[in-house]
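These are the residues of each chain, in order.
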Amino acid sequence: IITPVNKTLENYDFFVSSEIMATERFSIKPGLRFSAQSKFDNQYASSIALRYLFDKGLELRGSYGNGFRTPNFEELYANQISDGHFFAGNENLIPETSTSYESSIKKFTSLSSGLQISNTLAGSYLDVDDRIDMAFIGDNPDTGTPMNQYINISKYRMWNFSTMNQVRYNNL
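Analysis parameters
Residues numbered from 1 in each chain as written. Predicted model: local features only at pLDDT ≥ 70, side-chain atom pairs only at ≥ 80, totals over all residues. Heavy atoms only, no water. Helix = DSSP H or I, 4+ residues; strand = E, 2+ residues; numbered from the N terminus. Rg over C-alpha atoms; globule rule 2.2 N^0.38 Å. Buried < 20%, exposed > 50% of the residue type's maximum accessible area, 1.4 Å probe, protein only. Contact = heavy atoms within 4.5 Å. Areas by Shrake-Rupley, 256 points an atom, 1.4 Å probe, with all protein chains shown as cover. Salt bridge = Lys/Arg side-chain N within 4 Å of Asp/Glu carboxyl O. Pairing = 2+ DSSP bridges. Phe/Tyr/Trp six-rings, centres within 6.5 Å; stacked < 30°, edge-to-face > 60°.

Attention now goes to the overall build of the protein. Counting secondary structure elements, the protein contains 1 helix and 10 strands. Helices and strands appear in the protein in the N-to-C order β-β-β-β-β-α-β-β-β-β-β. At 23 Å, the protein has a C-alpha radius of gyration far larger than the 16 Å of a compact globule built from 172 residues. Each principal axis of the C-alpha distribution contributes one length, and for the protein these read about 70 × 35 × 30 Å. Counting all 172 residues of the protein, 24% fall into the buried class. In the protein, the share of contacts with a sequence separation of at least 24, taken over all contacts with a separation of at least 6, comes to 55%. Per element, the accessible surface of the protein, about 11500 Å² overall, is 55% carbon and sulfur.

Moving on: the pattern of salt bridges. In total, this model carries 9 salt bridges according to the counting rule given. Among the ionic pairs, Lys-7 bridges to Glu-91, the shortest N-O distance being 3.6 Å. Of the two residues, Lys-7 sits in the segment before strand S1 (11-17) while Glu-91 sits in the loop between strand S7 (85-88) and strand S8 (96-110), which places them 84 residues apart along the sequence. Its salt-bridge partner being Asp-55, residue Arg-25 comes within 2.4 Å of it at the nearest N-O pair. On the criterion of sequence distance, the pair formed by Arg-25 in the loop between strand S2 (20-21) and strand S3 (26-37) and Asp-55 in the loop between strand S4 (43-53) and strand S5 (58-69) is long-range, its members being 30 residues apart. Here the salt bridges do not stand alone but share partners, grouping Arg-69, Glu-75 and Glu-96 into one network.

The subject of this paragraph is the pairing of S5. Remember that side chains alternate between the two faces of the sheet whenever the strand is regular. Direction of pairing for S4 relative to S5: antiparallel, over a ladder of 8 bridges. Paired with Ala-49 across the strands is Ser-63, a residue of S5. Between S4 and S5, which pair antiparallel in sequence order, lie 4 residues; one of them, Lys-56, sits at a positive phi of approximately 60°.

What follows is about the packing of aromatic side chains. Evaluation of the coordinates by the stated rule reveals 9 aromatic pairs. With a centroid separation of 6.4 Å and an interplanar angle of 20°, the aromatic rings of Phe-14 and Phe-34 are classed as stacked. On the criterion of sequence distance, the pair formed by Phe-14 in strand S1 and Phe-34 in strand S3 is long-range, its members being 20 residues apart. Looking at Phe-14, the relative accessible area reads 53%, which means it is exposed. Here Phe-34 falls in the partly exposed class, since its relative accessible area comes to 26%. Between Phe-34 and Tyr-44, the ring centres sit 5.2 Å apart and the planes meet at 50°, which makes this aromatic pair tilted. Linking Phe-34 in strand S3 with Tyr-44 in strand S4, this pair joins segments that are 10 residues apart in sequence. For Tyr-44, a relative accessible area of 57% corresponds to the exposed category.

What follows is the structure, encoded as structure tokens:
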């Protein structure tokens, strides 16, 4: 069951980014975002990514960014009952803000047989203030149905490490 909600939420976003080749091997990619909001203060985000190409197929990348995520319409206003669960919006939510860092190193090898091998090792860190997430807030006293509501989590941090290995033969 979905309860009709008569509200308006407007976001207008503008984004610009460019890749600047500082040298044949070194590139810089800055980015800026501006978001005009109807419910929240205007938001800004920025990022910068760097890439350096070494000899012998070795590539090093690094990036930094700060950003935001405003609550969407459902998170703010929707109240739904679905399969025995109650999901409630929360008009008191505030936008998330975040800072992220990422780095990676990649090795590309092309053999005379046509075999191409690519190995990437990456790591990242994400630090979010006021993360928007769903939380259990109790059981409905009349029906016993679990009730969940969107909330802001004051602090959220995540480290991520990954590896990707690819093999291609004759560009297939």
